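What follows is each chain in one-letter form.
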Amino acid sequence: MSSQAQKSAEILAILGGVPVRATPLGYGHQSVDESDIRAVAEALRSDWLTCGPGVQAFEESIANTCKAKHAIAVNSGTAALHAAVHALGISPGDEVIVPALTFAATSNAVVYEEGTPVFADVDAETLLIDPASVADKVTDKTKAVIAVDYAGQPCDYKALRALCDARGIALIADACHSLGASFEAKPVGTLADMSTFSFHPVKPLTTGEGGMITTHSADLARRMRQFRNHGISTDVRERELKGAWGYEMTELGYNYRLSDIACTLGMSQLKRLPEFLERRTQIASLYDAAFATTEAYRPLERLADRTHAHHLYVVHLDDKKLTCDRNTFLGALRAEGILANVHYPPVHLHPYYQDNFDTRPGLCPRAEFAANWILSLPIHCEMTNEDVRSVVVGLSKVAGYYGR
Ligand SMILES: *Cc1c(COP(=O)(O)O)cnc(C)c1O
């Protein structure tokens, strides 16, 4: 490259320069291969498109993977959270503590059952729910805590378990990011009373839309199975197996069932989970090595007593090392073809929550500060090492321009 060309290549794409990437790279993407496609085609040729043996097979496989006694398939991660909150019998006036930095679905599940979400702050470096903040927010009305394994790193379940057990509070793990990870060598899926998973295309494995709850409790499992099927105590296949046709609806439920088509895709994807985890770990290591000495940005802290599913690769931008704000930085990076993202706007600052739950800025200062300075970089199994390199180059180009 001539020095002239080198110079022009360094003009930010947002200012008219040549973008680092010719084709944009998203932060997440599914990995569907021929074996997945064959599995789905087989399901389509079978007798059961829904409520069939594929559902149970997928449930048992997830239960085995997580070493949980029960797994209940539902049609989204949101439905999984709703079913878990319902199974606890949350009702008006009950408080459920959730982290401020999560997807709105975590907290919405509490609102569906007319409970009150109470927002706890996160640790500034890991962005995981801070057990000390949870302890601060507990009242006589607290019935449950929903911990979110942000980015794929499990929360401090030792501290959370102790805190909840001492007060008779239920613990739900929103494990939508962390399938395949572990805490003190115990797998995600067994670290709380119930653990919820999402199989949306950007998540650790996909069924298109889909979700699952794992639990050791037969009673909670039964309640959730009934809830996902209109509140009816048996499903079609159970009745067919028993030669019975009548049924009773004993409470109000929903149609939250996951189809056999989706479950068969899930089974096929689950076989590939080790491969997915390995590739995500490799990408994270490449980023780690590249960011070991950067000044303007640093990765989230990762802790030694737990393994990580690397659903997201999040960096903190250093506000003191940059002349621009995060949104300007993000806009410039996106113009380079690197479609980084922000996970998440703090839930308590959404207009819905401010209007209905009287939440305000200042309630969870660490989550609020982080939300203004974090970026989620592309990480998924379809990325090549060359793609990873382009992200490293793009970040360094943008930081070079806006660095102090
Ligand atoms: C994706 C996600 C959900 C919701 O899952 P869906 O399958 O999209 O309904 C809930 N919580 C967290 C933390 C998530 O990332």
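It should be noted that the structure appears before, not after, this text.
Quick look at the structure, then.

Looking now at the pairing of strand β2 (residues 70-74). Buried residues dominate β2, accounting for 4 of its 5 residues. Pairing of β2 with strand β10 (residues 211-215) involves 5 bridges; the strand directions are antiparallel. Counted as the bridge partner of A71 is T214 from β10.

This part covers the environment of A43. Take A43: it is sitting in helix α2 (residues 34-45). For A43, a relative accessible area of 5% translates into the label buried. Beyond its immediate chain neighbours, meaning those up to four positions away, A43 contacts W48, L49, D260, I261 and T264.

This brings us to the site of the ligand. If you check the shell around the ligand, you find 16 residues, and the closest are G77, T78, H177, S198 and K203. Note that a nitrogen atom of the ligand is positioned 2.8 Å from one of the side-chain N or O atoms of D174. Contact distances for the ligand include 3.4 Å between an oxygen atom and a side-chain N or O atom of Y344. Here the ligand, which alone exposes 380 Å², has 93% of that area covered by the protein. Of all the elements in the fold, those that place two or more residues in the shell around the ligand are α4 (77-87) and α5 (104-112). Ranked by residue count, the leading element in the shell around the ligand is α4, at 3 residues.

Before going further, it helps to examine α2. Given a rise of 1.5 Å per residue, 12 residues ought to cover 16 Å, and the 17 Å separating the end C-alpha atoms of α2 matches this to within 8%. Within α2 the residues assigned to the buried category are D36, A39, V40 and A43. Looking down the long axis of α2, one finds its buried residues gathered within 95° of arc, a one-sided arrangement. Those residues of α2 that are exposed and aimed more than 90 degrees away from the buried face are E34, R38, E42, L44 and R45. In this structure, the buried residues of α2 make contact with α10 (260-271).

Let us now look at a nonpolar patch on the surface. Together, I11, I14, L15 and Y401 give the surface a local cluster of nonpolar side chains, amounting to about 390 Å² of exposed area. One can find I14 in the loop between α1 (3-9) and β1 (25-26). Note on I14: relative accessible area 44%, which makes it partly exposed.

Taken together, the 3 strands give an open sheet; going across it, the order is β11-β13-β15, and neighbouring strands pair in antiparallel fashion. Across the chains shown, the open sheet's two edge strands, defined by having one partner strand only, are β11 (297-299) and β15 (374-377). Across the sheet, the mean angle from the axis of one strand to that of its neighbour is 35°, orientation sign disregarded. In terms of strand pairing, β11 meets strand β13 (residues 313-317) through 3 bridges, oriented antiparallel. In the sheet register, R298 faces β13, and the bridge partner there is H316.

Right, let's get into the side chain of S268. Structurally, S268 can be placed in helix α10. For S268, a relative accessible area of 6% puts it in the buried group. A polar contact is formed between the side chain of S268 and the side chain of D36, at a distance of 2.6 Å. When neighbours within four sequence positions are excluded, S268 is seen to be in contact with S35, D36 and A39.

Basis of the calculations
- Residues numbered from 1 in each chain as written.
- Predicted model: local features only at pLDDT ≥ 70, side-chain atom pairs only at ≥ 80, totals over all residues.
- Heavy atoms only, no water.
- Buried < 20%, exposed > 50% of the residue type's maximum accessible area, 1.4 Å probe, protein only.
- Helix = DSSP H or I, 4+ residues; strand = E, 2+ residues; numbered from the N terminus.
- Pairing = 2+ DSSP bridges.
- Contact = heavy atoms within 4.5 Å.
- Near = heavy atom within 4 Å.
- Polar contact = N/O pair within 3.5 Å; in protein donor to acceptor, adjacent residues only side chain to side chain.
- Areas by Shrake-Rupley, 256 points an atom, 1.4 Å probe, with all protein chains shown as cover.
- Expected span 1.5 Å × (residues − 1).
- Arc of directions from axis to C-beta.
- Patch = residues over 30% accessible without salt bridge, like charges linked within 9 Å, V, L, I, M, F, W, Y side chains within 5 Å.
- Salt bridge = Lys/Arg side-chain N within 4 Å of Asp/Glu carboxyl O.
- Axes fitted to C-alpha atoms, helices over the stretch in contact; angles between N-to-C directions.

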